[in-house]
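This is what each chain is made of:
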Amino acid sequence: MEFMMEMEDRYGHRLSYLRVSVTDRCNERCRYCMPDEEQVWFPRAEVLTYEELERVVRVAVGLGMRKLRVTGGEPLVRRGVVGFIERLARIEGLSDLGLSTNGTLLARPCVADGDGGRDEAPAAPASARAPTTARRLVAAGVRSVNISIDTLDRAGYRAMTGRDYLPRVLEGIDAAIDAGFPSIKLNAVLLRGQSEAQLLPLIRFAGQRGLLLRFIELMPVSTREVLDDDVFLSAGRARRLVEQELGPLTPRTDFRTNGPASYHQLPDSEQLVGFIGAMTDHHFCDRCNKLRLTCDGKLRPCLGSWLEFDLRERLRAGADDEEIAAFFRMVVDRKPEQHDFRDAYQPGRRMVAIGG
Ligand code: SAM
Ligand code: SF4
């Protein structure tokens, strides 16, 4: 297969990173994401099959998208996802395969799904001696795993996520470490009144395990309006609170991951902490390299914009690979210079449907 140079948009963003949401479903109910217990999920027929997803990824890799992150919803709740990931990892030209997860299912025993990543086959029964899902993911080719953990306080976790799953997440993190992912990052959303007391415990937790922790500002992407002054805690404020306790942090502009986090080094320590200031960092979009594919087949050029383009319709109308590639280029041409969260705040955009 011939590989193209990365696609570039009108503003000089070079697109190398595709986030693929495999499901809108989740086993948690985070208050900033999908706070209502009752959810209306996409009907199954509207969700792209693994075959469809794999085909789109192949075309995207041919267009220079080298990095891929599987996300959701909670990606590990979709049956056959490990087999699907195994197939993605075999795509020639893909250099980095990652997964975003709430961590609750990483420690669960997982035999080969037995379905090679197909939707219809029943999952094979897991036995207690089977390797953990984390190990299977590493064996499947996942390099980097991002695990969400907003608090280490069990009651706080329950209040934040609607589920008493903190012990499972901690087991999941241990399972990820044991499995040997080359990169493990912890992500904590900042919520005023909740996060302040958790900043240092989370930093210590990450430091003791050698994991990279990032604090993320709340964004207006939820099933309900979540963002107001009562709950918003800026990355800058969080950083100042950390500095009050630990002393000045040193900006490490030389250190970057695939995303927009800015990293700071703790005093008298090698440990770095990341801050993702989606709402307050005016350079947030400068180096954006991402496109998003939602689980119902919409290609989105920007997380923080309403723009989305229906690729599923084309796929199911029989589009060939060249037409899919042309569709990608059309979407890239429409990528905005920056997100419009600040100017056009509109609740009702579902992070789970967008593919956080
Ligand atoms: N279920 C997985 C998880 O929780 O990591 C993957 C999907 S989740 C939508 C991806 C990331 O988006 C998580 O780190 C989550 O904390 C974050 N997120 C969800 N809603 C958010 C919001 N309103 N503002 C900022 N981050 C949000
Ligand atoms: Fe589920 Fe992740 Fe959304 Fe929480 S943030 S409800 S874990 S998809």
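See above for the structure.
Cut-offs used in this document
Residues numbered from 1 in each chain as written. Chains lettered and ligands numbered in written order. Predicted model: local features only at pLDDT ≥ 70, side-chain atom pairs only at ≥ 80, totals over all residues. Heavy atoms only, no water. Helix = DSSP H or I, 4+ residues; strand = E, 2+ residues; numbered from the N terminus. Areas by Shrake-Rupley, 256 points an atom, 1.4 Å probe, with all protein chains shown as cover. Buried < 20%, exposed > 50% of the residue type's maximum accessible area, 1.4 Å probe, protein only. Contact = heavy atoms within 4.5 Å. Polar contact = N/O pair within 3.5 Å; in protein donor to acceptor, adjacent residues only side chain to side chain. Axes fitted to C-alpha atoms, helices over the stretch in contact; angles between N-to-C directions. Left-handed = near helix turned anticlockwise from the far one by under 90°. Nonpolar A, V, L, I, M, F, W, Y, C, P; charged D, E, K, R; others polar. Pairing = 2+ DSSP bridges. Expected span 1.5 Å × (residues − 1). Phe/Tyr/Trp six-rings, centres within 6.5 Å; stacked < 30°, edge-to-face > 60°. Lys NZ or Arg CZ within 6 Å of the ring centre and 35° of its normal.

Chemist: Where do I start with the overall build of the protein in this structure?
Modeler: Looking only at helices and strands, the protein features 10 helices and 14 strands. Carbon and sulfur atoms make up 48% of the accessible area of the protein, which totals about 15400 Å².

Chemist: Got a minute to help me understand the environment of Thr161 in this structure?
Modeler: You can see Thr161 is positioned in helix α4 (residues 154–161). Given the relative accessible area of 3%, Thr161 is considered buried. Along the primary structure Thr161 and Cys33 are separated by 128 residues, whereas in three dimensions their C-alpha atoms are 9.0 Å apart. Those residues within four positions of Thr161 in sequence are excluded, and the remaining contacts are Glu28, Arg29 and Cys30. At 2.8 Å, the side chain of Thr161 and the backbone oxygen of Tyr157 are in polar contact. Separated by 3.1 Å, the side chain of Thr161 and the backbone oxygen of Arg163 make a polar contact.

Chemist: In this structure, what is going on with the packing of helix α3 (residues 133–140) against helix α5 (residues 166–179)? I would like to understand it.
Modeler: Two measures define how a pair of helices packs: the angle their axes make with one another and the distance between the axes. Packing of α3 against α5 leaves a shortest axis separation of 8 Å and a crossing angle of 35 degrees. Once α3 is placed against α5, the crossing between them reads as right-handed. Mapping the contact onto sequence places Ala134, Arg135 and Val138 in α3 and Ala175, Ala176, Asp178 and Ala179 in α5. Here the residues of the contact of α3 with α5 are counted per class, giving five nonpolar, no polar and two charged.

Chemist: Any chance you could explain the environment of Met5 here in plain terms?
Modeler: With respect to the helices and strands, the residue Met5 is situated in the segment before β1 (7–8). A residue is classified by how much of its surface remains accessible, and Met5, at 65% relative accessible area, is exposed. Leave out the neighbours within four places in its chain, and Met5 touches Arg14, Leu63 and Gly64.

Chemist: Quick question: what am I supposed to make of the sheet that holds strand β6 (residues 144–148) here?
Modeler: Taken together, 12 strands build an open sheet; the order of strands is β9-β10-β11-β8-β7-β6-β5-β4-β3-β12-β13-β14 and the sheet is mixed. A strand with exactly one partner marks an edge of an open sheet, and here the two such strands are β9 (250–251) and β14 (309–310). Alignment of strand β10 (residues 262–265) against strand β11 (residues 272–276), held across four bridges, turns out to be antiparallel. When the sheet's bridge partners are listed, Tyr263 is paired in β11 with Gly274. Relative to the sheet, helix α2 (residues 81–89) contacts β4 (67–71) and β5 (96–101), its axis offset from that of β5 by approximately 155 degrees. Its contacts with the sheet put helix α7 (residues 235–246) on β7 (183–190), β8 (212–217), β10 and β11, and the angle it makes with β11 is roughly 155 degrees.

Chemist: Please clarify how the pairing of β7 should be interpreted in this entry.
Modeler: Each regular strand shows side chains that alternate between the opposite faces of the sheet. Taking burial as the measure, the eight residues of β7 include eight buried ones, the bulk of the element. In β7, alternate side chains face the same way, and those of Ser183, Lys185, Asn187 and Val189 on one face and Ile184, Leu186, Ala188 and Leu190 on the other are all buried. The pairing of β6 with β7 spans five bridges and is parallel. The residue of β7 that forms the bridge with Asn146 is Lys185. Here six bridges tie β7 to β8, and the two strands are oriented parallel to one another. Note on β8: the bridge partner recorded for Leu186 is Leu213.

Chemist: Which parts of the structure should I look at to understand helix α6 (residues 199–209)?
Modeler: The α-helix winds at 3.6 residues per turn, so residues separated by three or four positions along the chain end up facing the same way. Among all positions of α6, only Leu199, Leu200, Leu202, Ile203, Phe205 and Ala206 are buried. For α6, the secondary structure elements touched by its buried residues are α5, β7, β8, α7 and β11. Where α6 ends, the next residue or the one after it, Gly210, has phi of about 70 degrees, a positive value.

Chemist: Can you help me understand the pairing of β10 in this one?
Modeler: Sheet topology note: the β9/β10 ladder contains two bridges and is antiparallel. Bridging from a neighbouring strand, Thr250 pairs with Gln265 of β10. Hairpin connection of β10 to β11: six residues between the antiparallel strands, including Asp268 at a positive phi of 50 degrees.

Chemist: Would you take a moment to explain helix α1 (residues 50–62) for this structure?
Modeler: Look at α1: 18 Å from first C-alpha to last across 13 residues, which is about the 18 Å you get at 1.5 Å a residue. In terms of burial, α1 is a largely internal element, 10 of the 13 residues being buried. For α1, the complete set of buried residues consists of Tyr50, Glu52, Leu53, Glu54, Val56, Val57, Val59, Ala60, Val61 and Gly62. Of the surrounding secondary structure, the elements contacted by the buried residues of α1 are β3 (17–21), β4, α2, β12 (290–293), α8 (311–316) and α9 (321–333). Among the residues trailing α1, Gly64 stands out with phi positive, at a value near 100 degrees.

Chemist: Would you mind showing me how to read the packing of aromatic side chains here?
Modeler: The description of an aromatic ring pair uses the distance of the two centres, along with the angle that the planes make with each other. Evaluation of the coordinates by the stated rule reveals three aromatic pairs. The interplanar angle of 85 degrees and the centroid separation of 4.9 Å between the aromatic rings of Phe255 and Tyr263 together place this pair among those described as edge-to-face. The buried category is assigned to Tyr263, whose relative accessible area is 2%. The aromatic ring of Tyr165 is capped on one face by Arg168, whose charged end is 4.0 Å from the ring centroid. Taking NZ or CZ as reference, Arg209 lies 3.7 Å from the ring centre of Phe205, over its face.

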